[in-house]
Amino acid sequence: MSDRAEGAAAVRADGLDVRRGGKTVLRGVCLELPAGRVCALVGPNGGGKTTFLETAAGLLRPHKGTVRLLGADPDSDSGRARLAFVGQDKPLYPRLTVADTLRMGRDLNPGWRPDLAARMLGERIPEQARIGSLSGGQRTRVALALAMGKAADVLLLDEPLADLDPLSRHHVTSVLMSDAAERGTSIVMSSHVLAELEGVADELLLLDNGGVRMSGPVDEALADHRLLTGSTAETAPQDVPALPGVVEARTRGRRTTLLVRGDGTLPGGPWQSEEPSLETLLMSYLRSPESPPWIACHPGETVPEATHTGAAA
């Protein structure tokens, strides 16, 4: 029976410290991303997203702690066989044609699936074109086609939508979601385009300053927060931001907007209450680094204390 069938996490980190250039980029990271889910990895520049993905892909070795991919060391033969990684630089040979590049992928991967690669590539990129003649978005599609063709159990994608026009973004997202649904592929993808993650991601991982700020199912994160709006004069005393459960308080003119955890009940009402959008939720946590992290426990999981305290040096 495979690790995936046994319920192993797609990616699990325990006490993970990673250093780059003499600086600790990730510290004390403990998390578990369930298999068969689509995880949105978000955070500010320098927050640790790329370092986390490269460590999960076995390209970087932890200074402390461990990272496992479907229960295996990602730098082992079994780990490498089950993952595909696409970095931001998307290294391809510029003098090869698209067809040559896909043929190389076939030769290097025993389980190569030409149908999956072709689905990602689409019909707009001629296979006889040289890689060096393609636009940045087209090269991204070729790199993603290589990853798809490998038919890996886990896809680790660093900003896969950044170079794409709106039509290509829609195509790539649709192909990834179909693959996750049809094959049960685990996908971890970083993105700065927060609005495009709504309705796409099952899981959320927010890294900031080298530590975990949010981790858990998207629907649970949204349901556990409320967006409250009220009159500044009537409902927003000066100490509102310090009240338990308040993640962020923003005042514009005579209106105050609060993002709160729990049922959204605060003294001094009335408040207009609604569920926040995913973009609003993420932006509030990014603007409020002093607020406690939001960490959800998956069934049977105990979240280590280190998950709540990770910070970069």
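In short, a report on the structure. (Residues numbered from 1 in each chain as written. Predicted model: local features only at pLDDT ≥ 70, side-chain atom pairs only at ≥ 80, totals over all residues. Heavy atoms only, no water.)

## Side note on the sheet that holds strand β13 (residues 272–274)
Okay, so step 1: Read from one edge to the other, the open sheet built from four strands follows the order β11-β12-β10-β13, with strand pairing classed as antiparallel. Strands at the two margins of the open sheet, each flanked by one partner only, are β11 (246–252) and β13. Within the sheet, the average angular offset between the axes of one strand and its neighbour, ignoring direction, is 20°.
Okay, so step 2: Strand direction decides the pairing type here: strand β10 (residues 225–231) and strand β12 (residues 255–261), joined by seven bridges, are antiparallel. (Pairing = 2+ DSSP bridges. Helix = DSSP H or I, 4+ residues; strand = E, 2+ residues; numbered from the N terminus. Axes fitted to C-alpha atoms, helices over the stretch in contact; angles between N-to-C directions.)

## So, the sheet that holds strand β6 (residues 154–157)
Okay, so step 1: Ordered in space as β5-β6-β7-β3-β8-β9-β14, the seven strands form an open sheet in which the pairing is mixed. Of all strands in the sheet, those with a lone pairing partner are β5 (83–86) and β14 (294–295), marking the two edges.
Okay, so step 2: Relative to strand β7 (residues 186–190), strand β3 (residues 38–42) runs parallel, the two sharing four bridges. Bridging from a neighbouring strand, Val-38 pairs with Ile-187 of β7.

## Points about the packing of helix α4 (residues 114–121) against helix α5 (residues 136–149)
Okay, so step 1: For the pair α4 and α5, the least separation of the axes is 7 Å and the interaxial angle reads 155°. Classified by the angle their axes make, α4 and α5 are roughly antiparallel. With respect to the hand of their crossing, α4 and α5 are arranged in right-handed fashion. In this structure, α4 uses Leu-116, Ala-117, Met-120 and Leu-121 to contact α5, whose residues at the interface are Arg-141, Val-142, Leu-144, Ala-145, Met-148 and Gly-149. (Parallel < 35°, antiparallel > 145°, perpendicular 65-115°, else oblique. Left-handed = near helix turned anticlockwise from the far one by under 90°. Contact = heavy atoms within 4.5 Å.)

## Considerations on helix α1 (residues 49–56)
Okay, so step 1: Burial analysis of α1 places seven of its eight residues in the buried class, the great majority of the element.
Okay, so step 2: Of the positions making up α1, those classed as buried are Lys-49, Thr-51, Phe-52, Leu-53, Glu-54, Thr-55 and Ala-56.
Okay, so step 3: Where α1 ends, the next residue or the one after it, Gly-58, has phi of about 85°, a positive value. (Buried < 20%, exposed > 50% of the residue type's maximum accessible area, 1.4 Å probe, protein only.)

## Thoughts on the environment of Gly-245
Okay, so step 1: Within the secondary structure, Gly-245 is located in the loop between α8 (232–235) and β11.
Okay, so step 2: Residues Gly-245 and Pro-292, spaced 47 residues apart in sequence, show a C-alpha to C-alpha distance of 9.1 Å.
Okay, so step 3: Residues contacting Gly-245, with those up to four places away along its chain left out, are Leu-259, Val-260 and Arg-261.

## Here we look at the pattern of salt bridges
Okay, so step 1: As enumerated under the stated definition, the model contains 17 salt bridges in all.
Okay, so step 2: Glu-32 is the partner of Arg-12 in a salt bridge, and the nearest nitrogen-oxygen pair spans 2.3 Å. Of this pair, Arg-12 sits in strand β1 (residues 11–20) while Glu-32 is found in strand β2 (residues 23–33), placing the two residues 20 residues apart along the sequence.
Okay, so step 3: Its salt-bridge partner being Arg-250, residue Glu-248 comes within 3.8 Å of it at the nearest N-O pair.
Okay, so step 4: On the basis of relative accessible area, Glu-248 is assigned to the buried category, the value being 9%.
Okay, so step 5: According to the relative accessible area criterion, Arg-250 is partly exposed, its value standing at 29%.
Okay, so step 6: What you see here is one network of salt bridges that share partners, running through Arg-61, Asp-73, Asp-75, Asp-77 and Arg-80. (Salt bridge = Lys/Arg side-chain N within 4 Å of Asp/Glu carboxyl O.)

## Notes on the pairing of strand β9 (residues 211–217)
Okay, so step 1: In terms of burial, β9 is a largely internal element, seven of the seven residues being buried.
Okay, so step 2: Pairing analysis gives six bridges linking strand β8 (residues 203–208) to β9, with the strands arranged antiparallel. When the sheet's bridge partners are listed, Leu-206 is paired in β9 with Met-214.
Okay, so step 3: Hairpin connection from β8 to β9: two residues lie between these consecutive antiparallel strands, with Asn-209 at a positive phi of about 55°.
Okay, so step 4: In this structure, β9 lies alongside β14, joined through two bridges in parallel fashion. Each bridged residue has a counterpart across the sheet, and for Met-214 the counterpart in β14 is Trp-294.

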